[in-house]
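Inside the fold
Read off the chains here:
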Amino acid sequence: MTPSALVPFVYDPPSEPYLTVVHMDEDLLVVDKPSGLLSVPGKAAEHFDCLEYRARAAYEQARIVHRLDMDTSGVMVLAMNPRAHRHLGLQFERRKTVKTYIAEVWGHPAAEEGEVDLPLICDWPNRPKQMVSPEHGRAALTRWKVLERRGRTTRVRLFPHTGRSHQLRVHMLSLGHPIVGDRFYASGEALNASGRLALHAESLELHHPADGVRILFESPCPF
């Protein structure tokens, strides 16, 4: 039985806070997405509630630029006009943004820091899960650094160079240290160690579409 099969999926997004705005101007809407909320609507009609829906209810012109996994919390940026949308989209495509994440992983890595350079591809029969595939995967690179070693877990900061689906989750699993609470890739004690996926988008740095100046947005880790 796969880890994901142990936890039946029920979409029950948090209603409070409904929308947390970190920053807003004529070009940008920066929000703090809670764990359990989809970034964009799901295929099922009952999965309409999402970050995009909530943002556009308050700011009709807001448009999604990138996504976070439903189970991941943290900083997301939306565009407030077509010009900003194009500008931001190119930054993500050309890797001009810098992102950091905080994660709680099961066990204790042997080193204090390192990197994982493993290509990823969709595990199609088990989608949306991803898997390592040196032959067919797309390049994926993550740097990591230990922040605190705890009783049975370790808090790490993650620096993704690429933005593949489930990249951080699969890369930590590949080290033998799955992110706790991960219903797709953790099992047993690692799965049950947290009531949520312990992964948080801590910061996002980008060029402001108006003047190109680098600007940093942050969100405190909630776990």
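In this report, we go over the structure that sits alongside the text. Since the model is a prediction, treat every value here as computed from it, not as a measurement. (Residues numbered from 1 in each chain as written. Predicted model: local features only at pLDDT ≥ 70, side-chain atom pairs only at ≥ 80, totals over all residues. Heavy atoms only, no water.)

1. Points about the nonpolar core
We apply this condition: Throughout, nonpolar core names a set of buried Ala, Val, Leu, Ile, Met, Phe, Trp, Tyr and Cys residues whose side chains join them through atoms within 4.5 Å. Residue exposure (1.4 Å probe, protein chains only): buried if accessible area is under 20% of the type maximum, exposed if over 50%, otherwise partly exposed. Throughout, a residue-residue contact means that at least one pair of heavy atoms, one from each residue, lies within 4.5 Å.
Leu78, Leu158, Ile179 and Leu199 are the most contacted members of the largest nonpolar core, which totals 36 residues. Every residue in contact with isoleucine 179, bar those within four places of it in the chain, is listed here: Ala103, Glu104, Val105, Leu168, Arg169, Met172, Ala186, Leu197, Ala198 and Leu199. Val65, Val75, Phe92 and Leu206 belong to the second largest nonpolar core, which has 12 residues in total.

2. Some words on empty space enclosed by the protein
We count it as follows: Of the two site types, the cavity is a set of points on a 1 Å grid over the protein atoms alone where a 1.4 Å probe fits but cannot get out, and the pocket is an open set with protein on both sides within 12 Å along at least five of seven lines, each lined by residues with an atom within 4 Å of a point. Grid points are joined across faces, edges and corners, and a volume is the space filled by probe spheres set on the points. A run of DSSP states H or I qualifies as a helix once it reaches four residues; a run of E qualifies as a strand once it reaches two. Both are numbered from the N-terminal end.
Applying the stated criterion across every chain yields a total of three cavities of 30 Å³ or more. Of the pockets and cavities examined, the largest cavity occupies roughly 40 Å³. In terms of lining, the largest cavity is formed by His66, Leu68, Val75, Lys99, Tyr101, Ala201, Ser203 and Leu204. Only strand E5 (98-106) and strand E11 (199-207) provide two or more residues apiece to the lining of the largest cavity. A total of three residues in the lining of the largest cavity trace back to one element, the largest contributor, which is E11.

3. Brief notes about unusual backbone geometry
Here the residue pair glutamate 16 and proline 17 is connected by a cis peptide bond, since its omega of -5° sits within 30 degrees of zero. Mapping proline 17 onto the fold places it in the loop between helix H1 (3-6) and strand E1 (21-24). Of note, the bond from arginine 127 into proline 128 is cis; its omega dihedral lies within 30 degrees of zero at 15°. Inspection of the secondary structure assignment puts proline 128 in the loop between strand E7 (120-122) and strand E8 (130-132). Positive phi outside glycine occurs at arginine 95, with the angle close to 60°. Of note, arginine 95 is situated in the loop between helix H3 (82-93) and E5. A residue is classified by how much of its surface remains accessible, and arginine 95, at 44% relative accessible area, is partly exposed. With a phi angle near 60°, histidine 166 is a residue other than glycine that sits in the positive phi range. Residue position: histidine 166 is located in the loop between strand E10 (153-160) and helix H4 (167-174). You can call histidine 166 buried: its relative accessible area is 7%.

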